[in-house]
Amino acid sequence: MATLGLAIVGAAIGWFVAGVPGLISALCGIVLAALFLSITAITILVANRWYGDPLYVPIFFGGVLGGWLLKFILFFIVLAVLRQQDWIEPMIFFIAVVVCVFFTLIIDVVVMLKTRMPYVSDATLPDAADEAGSGTADDS
């Protein structure tokens, strides 16, 4: 929903500032940023299929790192191709990418702050039977 809203607002601002090239530049920037940011979500979802497996942690971080490297390489290839196009307005494209990334970071922060995650995992609290039955040397 945020990407759709940004696309509408960005396209309108791009069109008012630079006409059709501005509109196309804003849409390309927002779609490109959303596409690359979704690669991270996809790699996390795919890596989570191995949750519970002894190799889950290396698989998870290897998948996320592989997705990041894929995004890094593809981003420079796309920029090299788009840079030579006459229908791209570079400043509008740049601003659209930055604004889209900024809004997705805000969404990530809000989601993380509202997530109910325990601070400790697999912890058990002692119950009354454990405390009454402990006869250690420190009790004297």
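Please refer to the structure higher up on the page.
Keep in mind the model is a prediction, meaning the values are calculated, not measured.

Draft legend 1. Spatial organisation of the environment of Pro21. Within the element layout of this structure, Pro21 appears in helix H2 (residues 20-47). For Pro21, a relative accessible area of 31% puts it in the partly exposed group. Along the primary structure Pro21 and Phe93 are separated by 72 residues, whereas in three dimensions their C-alpha atoms are 9.8 Å apart. When neighbours within four sequence positions are excluded, Pro21 is seen to be in contact with Trp87 and Glu89.

Draft legend 2. Representation of helix H3 (residues 56-83) in the model. Here H3 spans 40 Å end to end across 28 residues, near enough to the 40 Å set by a 1.5 Å rise per residue. Turning to H3, its buried residues number three or more, namely Tyr56, Phe60, Gly67, Lys71 and Leu82. The elements touched by buried residues of H3 are H2 and helix H4 (90-114).

Draft legend 3. Looking closely at the nonpolar core. Formed by 15 residues in total, the largest nonpolar core has its most connected members in Ile30, Phe93 and Cys100. At the level of secondary structure, the elements contributing two or more residues to this core comprise helix H1 (2-18), H2 and H4. Looking at this core element by element, the count peaks at six residues for H2. Discounting residues that sit within four places of it in the chain, Ile30 has contacts with Thr3, Leu6, Ala7, Gly10, Ala96 and Cys100.

Draft legend 4. Representation of the packing of aromatic side chains in the model. Enumeration over the complete set of coordinates arrives at nine aromatic pairs. A centroid spacing of 5.2 Å and a plane angle of 85° characterise the contact between Tyr51 and Tyr56, whose relative ring orientation is edge-to-face. Here the aromatic rings of Phe72 and Phe76 are separated by 5.0 Å at their centres, their planes lie at 80°, and the arrangement is edge-to-face. Remark: Phe76 and Phe72 occur in helix H3; sequence separation between them is four residues, near one turn of the helix. A relative accessible area of 41% places Phe72 in the partly exposed class. Judged by relative accessible area, which is 47%, Phe76 ranks as partly exposed. By the ring-pair criterion, three or more aromatic residues cluster together here, those being Phe36, Trp68, Phe72, Phe75 and Phe76.

Calculation notes
Residues numbered from 1 in each chain as written. Predicted model: local features only at pLDDT ≥ 70, side-chain atom pairs only at ≥ 80, totals over all residues. Heavy atoms only, no water. Helix = DSSP H or I, 4+ residues; strand = E, 2+ residues; numbered from the N terminus. Buried < 20%, exposed > 50% of the residue type's maximum accessible area, 1.4 Å probe, protein only. Contact = heavy atoms within 4.5 Å. Expected span 1.5 Å × (residues − 1). Core = buried A, V, L, I, M, F, W, Y, C linked by side-chain atoms within 4.5 Å. Phe/Tyr/Trp six-rings, centres within 6.5 Å; stacked < 30°, edge-to-face > 60°.

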